[in-house]
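Working through the structure, step by step
So you can see what is in the structure, the chains are spelled out below.
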Amino acid sequence: MRKSVAVLLVSALVLASCGAVRESRLNPFNWFGRSAPVEVTTDERNALLPRRGQISRPEAVYAGRPIDRIQDISVEPIPGGAIVRATGIAARQGPYEVQLTPVTSPQEAQGSLSFTFDVVLPRDATSLGTESSRTVTVATFVTDKELAGVRVIRVIGARNAQESRRR
């Protein structure tokens, strides 16, 4: 047994040194051949991030409803546009995920921009509380391009609406 292992080892070394195994398919170092230059196409996206649809969750549906009352709105000009800020009073305590949702309707008059003041209220019943504990403020940025030709900005709630006119 020792002689056969020794003979096998010596024959493998002899074959490897003479180049017979080096050029054969048995040698794992030459399975893929030599390297060659290849033209690279660049993609502008990050290769480490999955493409949309490969690994993604479905878009969540916003469950907000218009706030009970709009208390005040203000439009503050800044470079590149304006900030529309609205303060409203919810029907009960605990509103969250507050946002100004743009209203796009064909009935909307030319020269006006409208938003609904939407909030999500807790599922569980909460107390009414004081007016100051139900007051929330939200703001959104409107670009100069969106403001072109707009004379009135309106924020709509469940029971009322407030508007600000350009002077």
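In this text the structure is predicted, and so the values were computed from the model without any measurement.

**Structural notes on the overall build of the protein chain**
Counting secondary structure elements, the protein chain contains 2 helices and 8 strands. Residue burial in the protein chain is summarised as follows: out of 167 residues, 23% are buried. Here the analysis covers contacts within the protein chain between residues at least 6 apart in sequence; of these, 64% occur between residues at least 24 apart. Counting every atom, the protein chain has about 13,200 Å² of accessible surface; 56% of that belongs to carbon and sulfur.

**Some details on the pairing of strand β8 (residues 161–165)**
Where a strand is regular, its side chains alternate between the two sheet faces. Across 5 bridges, the pairing between strand β7 (residues 152–156) and β8 is antiparallel. From the neighbouring strand, Ile 153 faces β8, where its bridge partner is Ser 164. Joining the antiparallel neighbours β7 and β8 is a turn of 4 residues.

**Re the sheet that holds strand β2 (residues 69–78)**
Taken in spatial order, the 3 strands line up as β2-β3-β6 in an open sheet, and their pairing is antiparallel. In this open sheet, the two strands that pair with only one neighbour each are β2 and β6 (135–143). Between one strand axis and the next, the sheet turns through 15 degrees on average, direction left out of account. Pairing of β2 with strand β3 (residues 81–89) involves 9 bridges; the strand directions are antiparallel.

**Overview of the nonpolar core**
A general tendency of soluble globular proteins is for nonpolar side chains to be buried together. Leu 100, Phe 117 and Val 155 are the most contacted members of the largest nonpolar core, which has 19 residues in total. When residues of this core are traced back to their parent elements, those giving at least two are β2, β3, β5 (112–120), β6 and β7. Ranked by residue count, the leading element in this core is β5, at 4 residues.

**Some points on the environment of Val 103**
Position of Val 103 relative to the elements: it lies in strand β4 (residues 96–103). Once the C-alpha coordinates of Val 103 and Arg 154 are considered, the two residues, 51 residues apart in sequence, prove to be 9.7 Å apart. If we ignore the near neighbours within four places in the chain, the residues touching Val 103 are Ser 114, Phe 115 and Thr 116.

Criteria and thresholds
Residues numbered from 1 in each chain as written. Predicted model: local features only at pLDDT ≥ 70, side-chain atom pairs only at ≥ 80, totals over all residues. Heavy atoms only, no water. Helix = DSSP H or I, 4+ residues; strand = E, 2+ residues; numbered from the N terminus. Buried < 20%, exposed > 50% of the residue type's maximum accessible area, 1.4 Å probe, protein only. Contact = heavy atoms within 4.5 Å. Areas by Shrake-Rupley, 256 points an atom, 1.4 Å probe, with all protein chains shown as cover. Pairing = 2+ DSSP bridges. Axes fitted to C-alpha atoms, helices over the stretch in contact; angles between N-to-C directions. Core = buried A, V, L, I, M, F, W, Y, C linked by side-chain atoms within 4.5 Å.

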